[in-house]
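Observations on the three-dimensional arrangement
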Amino acid sequence: MQPAFDMLGWIFNRHSNGNVLIAKIDATENDAPIEFGNHVDVYPTLLFKMAGASSPEVYRGDRSFDAMSHFVLTECKKGGLDKAIVSRLEEDIDEVVMD
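Considering the pattern of salt bridges
Here the structure, examined in full by the defined rule, presents 3 salt bridges. With a shortest N-O distance of 3.0 Å, aspartate 92 and arginine 14 are connected by a salt bridge. Remark: arginine 14 occurs in helix H1 (residues 2-15) and aspartate 92 occurs in helix H3 (residues 83-98); sequence separation between them is 78 residues. By relative accessible area, which is 12% here, aspartate 92 ends up buried. Judged by relative accessible area, which is 44%, arginine 14 ranks as partly exposed.

Structure below.
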């Protein structure tokens, strides 16, 4: 899963103009942000939280790049991320999935 997660972070951090941050937190070594509540119950856990949202969406799907990127893109669209940014993200994701 680590290579898929790293690629996910690279693409979203590169194209989202700071609107989407993919980050890793080692909850065994650090205190998870309070708004994560008790959502971190398995390792690794992927959470998505839009700015202004009270709690994150928890991802429970497959740990492949394709599945995780689809989850993050879907949440970005629901949250109203700029369509031009979404389009650039989709293009990069499609290139990775095709390889």
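After that view, the rundown keeps rolling.
Things to note about the packing of helix H2 (residues 65-78) against H3
At a minimum axis separation of 11 Å, H2 and H3 run at an interaxial angle of 170 degrees. Looking at the two axes, H2 sits roughly antiparallel to H3. Counting all contacts with H2, which are made through Phe65, Asp66, Ser69, Leu73 and Lys77, the residues of H3 involved are Val86, Leu89, Glu90, Ile93, Val96 and Val97. Classifying every residue of the contact of H2 with H3 by side-chain character gives 7 nonpolar, 1 polar and 3 charged.

How each quantity is defined
Residues numbered from 1 in each chain as written. Predicted model: local features only at pLDDT ≥ 70, side-chain atom pairs only at ≥ 80, totals over all residues. Heavy atoms only, no water. Salt bridge = Lys/Arg side-chain N within 4 Å of Asp/Glu carboxyl O. Helix = DSSP H or I, 4+ residues; strand = E, 2+ residues; numbered from the N terminus. Buried < 20%, exposed > 50% of the residue type's maximum accessible area, 1.4 Å probe, protein only. Axes fitted to C-alpha atoms, helices over the stretch in contact; angles between N-to-C directions. Parallel < 35°, antiparallel > 145°, perpendicular 65-115°, else oblique. Contact = heavy atoms within 4.5 Å. Nonpolar A, V, L, I, M, F, W, Y, C, P; charged D, E, K, R; others polar.

Read these as layout, nothing more, since geometry by itself doesn't imply function.
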